[in-house]
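Given next are the chains, with one letter for each unit.
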Amino acid sequence: MDKELLKQQVCAAIDASAAKIKAIADGIADEPELGFKEVKTSAKVAEFMRELGLDVQTGLAINGVKGRAHGGKPGPTAAVLGELDAVGCPESAKADPLTGAAHACGHNLQIATMLGAACGIMKSGVLKELAGDVVFFGVPAEEYIEIEYRKKLLEAGKLHFLSGKGQLIYEGAFDDIDMAMQMHADKNMPRPTVSIGDSSNGFVGKTVRYIGKTAHAADAPHEGINALNAAMLGLMGINALRETFREQDVVRVHPIITKGGDFVNSVPADVRMELYVRAKTMQAIDSTHSRVDAALKAGGDAIGAETQIVTLPGMMPLNCNRRMNELMVENSRKAYPGVDIKDAGHFSASTDMGDVSHLMPVIHPFIGGTDGLLHTGGFHVVDFEAAVLLPAKAFAMMLVDLLVDDAKEAKGILADFKPILTKEEYIAKMESYFS
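Rules behind the numbers
Residues numbered from 1 in each chain as written. Predicted model: local features only at pLDDT ≥ 70, side-chain atom pairs only at ≥ 80, totals over all residues. Heavy atoms only, no water. Helix = DSSP H or I, 4+ residues; strand = E, 2+ residues; numbered from the N terminus. Rg over C-alpha atoms; globule rule 2.2 N^0.38 Å. Buried < 20%, exposed > 50% of the residue type's maximum accessible area, 1.4 Å probe, protein only. Contact = heavy atoms within 4.5 Å. Areas by Shrake-Rupley, 256 points an atom, 1.4 Å probe, with all protein chains shown as cover. Lys, Arg positive; Asp, Glu negative; His and termini not counted. Charge placed at Lys NZ, Arg CZ, Asp CG, Glu CD. Axes fitted to C-alpha atoms, helices over the stretch in contact; angles between N-to-C directions. Parallel < 35°, antiparallel > 145°, perpendicular 65-115°, else oblique. Left-handed = near helix turned anticlockwise from the far one by under 90°. Nonpolar A, V, L, I, M, F, W, Y, C, P; charged D, E, K, R; others polar. Salt bridge = Lys/Arg side-chain N within 4 Å of Asp/Glu carboxyl O. 1 Å grid on protein atoms, 1.4 Å probe; cavity = no way out; pocket = protein on both sides within 12 Å on 5 of 7 lines; lining within 4 Å. Points joined across faces, edges and corners; volume = space filled by probe spheres on them. Expected span 1.5 Å × (residues − 1). Arc of directions from axis to C-beta. Phe/Tyr/Trp six-rings, centres within 6.5 Å; stacked < 30°, edge-to-face > 60°.

1. Notes on the overall build of the protein
- For the protein, the count of helices and strands is twelve helices and 18 strands.
- Compactness check: the protein gives a C-alpha radius of gyration of 23 Å against a globular reference of 22 Å for 435 residues, within 12% of the reference.
- The buried share among the 435 residues of the protein stands at 57%.
- Put simply, of all contacts in the protein between residues at least 6 apart along the chain, 79% involve residues at least 24 apart.
- For the protein, the computed accessible surface area is about 16900 Å², with 53% contributed by carbon and sulfur atoms.
- Positive and negative charge centroids in the protein, built from 44 and 57 side chains respectively, lie 1 Å apart.

2. A look at the packing of helix α1 (residues 3-16) against helix α11 (residues 384-416)
- Relative to each other, α1 and α11 sit at 150°, their axes nearing to 9 Å. When the axis of α1 is compared with that of α11, the two are roughly antiparallel. Seen from above, α1 lies across α11 with right-handed handedness. Together, K3, L6, K7, V10, C11, I14 and D15 of α1 and L389, A392, K393, A396, M397, V400, D401 and V404 of α11 make up the contact between the two elements.
- Here the residues of the contact of α1 with α11 are counted per class, giving ten nonpolar, no polar and five charged.

3. Looking at the pattern of salt bridges
- Summed over the entire model, instances satisfying the criterion amount to 32 salt bridges.
- K411 is paired through a salt bridge with D406; the nearest N and O atoms lie 3.3 Å apart.
- Residue K411 is classed as partly exposed on the basis of its relative accessible area, which comes to 38%.
- Look at the salt bridges and you will find they share partners, linking R209, K259, D262, D270 and R272 into a network.

4. Some points on the layout of surface pockets
- Approximately 980 Å³ is the volume attributed to the largest pocket.
- E143, R278, A349, S350 and H375 are the residues nearest the centre of the largest pocket, which is lined by 36 residues in total.
- Sort the elements by how many residues they give to the lining of the largest pocket and strand β11 (residues 252-259) lands first, with five residues.
- Counted by class, the lining of the largest pocket contains 17 nonpolar, nine polar and ten charged residues.
- One number sums up the size of the second largest pocket: a volume of about 370 Å³.
- If you go around the second largest pocket, you meet 17 residues; those closest to its centre are A29, K94, N108, H380 and V381.
- Of all the secondary structure elements, the ones that give two or more residues to the lining of the second largest pocket are α2 (18-30), α4 (107-124) and β18 (380-381).
- Per-element tally for the lining of the second largest pocket: the top contributor is α2, with four residues.
- Of the residues contributing to the lining of the second largest pocket, the split by class is nine nonpolar, five polar and three charged.

5. A short note on α2
- Its 13 residues give α2 an end-to-end C-alpha distance of 18 Å, which sits within 8% of 18 Å, the value for a rise of 1.5 Å per residue.
- All of the buried residues in α2 are I21, I24, A25, I28 and A29. All buried residues of α2 lie within an arc of 135° about the axis, which places them on one face of the element.
- Of the surrounding elements, those touching the buried residues of α2 are α1, α3 (39-52), α4 and α11.

6. Quick look at the packing of aromatic side chains
- Counted under the stated rule, the structure contains eight aromatic pairs.
- Centre to centre, the rings of F137 and F174 are 5.5 Å apart; their planes meet at 40°, and the pair counts as tilted. Separated by 37 residues along the polypeptide, F137 in strand β6 (residues 131-139) and F174 in the loop between α6 (164-171) and β7 (179-181) bring together distant segments of the chain. Take F137 and F174: they sit in the same class, and that class is buried.
- Each ring, one from F347 and one from F366, has its centre 4.7 Å from the other, and the planes form 85°; the classification is edge-to-face. One end of the pair, F347, is in strand β14 (residues 340-347); the other, F366, is in strand β16 (residues 366-367), and 19 residues separate them in sequence.
- Looking at F347, the relative accessible area reads 14%, which means it is buried.
- Taking the relative accessible area as the measure of exposure, F366 reaches 10% and is therefore buried.
- Clustering of aromatic rings is evident, with ring pairs tying together F161, Y170, Y426 and F434.

Here it is, written out as structure tokens:
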């Protein structure tokens, strides 16, 4: 069958399902859940997938949901991903009052885009024309937060890595996928826009604990060891390093103090922090985070406090596939002829899609139709068609491009792709950060 006719059919199926797609986006936004806690969200996604006739697996990396459909003949497997978790944003109008979780990063739009693409493939009748499988994958815990909670899951043997896609790679949930695509909502971009990204920062996570000695803060401060002062000196040490960070490495170090002491009238003896060390390459991360450790330890040494630093694997830098990016641009213009196409280049934030990109071809475009800054209460959708239906159509049409004609396009991309790491090398590298 003519490829362009197949694309028209998938777009028509998405338009016919628009109300249902919007309902799932709104329903997920109404009940936001933080990473590795996405029980309600996972159930909603699984139900939607089953209604479409997908073969559904659940419980992957605790809450991941994977729906698979088989094309008319064997071939590669192409996946569309969407992230299940919310971010902490208590100031959002839709924040959970108990947890502070809110979809202020637009992951509910990712899920709706993924399920919209699934509607296009499953309801249009094009599946029989494809050579290979399609997978629609709701993945957990992209936001790398609540590190102490995740460390407890590690200790309990429920996790091996702290991010959703890293854990899924470890479990083998990507072993039967050859290439993957995922969108992300853009910031301050109300017009229909597709921004094509090339790369992103990766990072390692750290928890820090300063142990001092308590004493009466007014009567005998000289008897104490002030762990909060140690932390402040450690932070000043990091700030003193910043002039040595090379611009081309795009280094970002951002700590928070999660515990500043116990009582205001006692010398703080237990102070705790969490931080990321981000950079554009793993080499830059490796050369930076050891110097950050030295600065943090110097703060403790100056005061006489004990400094405990735990380094944890975070996320790999993202590397997007050029040909898949080109297909995204072509199909975005077909989905919405007036769309603005922008070059996003490198972005200094991080995504665990970077981990996947080390193993297989991926893309991670940024999609407009939204306004406000990400991770803030001001983030909101202004144009649902641009924010969700446009990328859903583009992804569904990309699946057609990749898998029609005996999957000629997908096979060409895979033939040209050289993985940065094997799965075994990826696991070994990530495990090397545990300390």
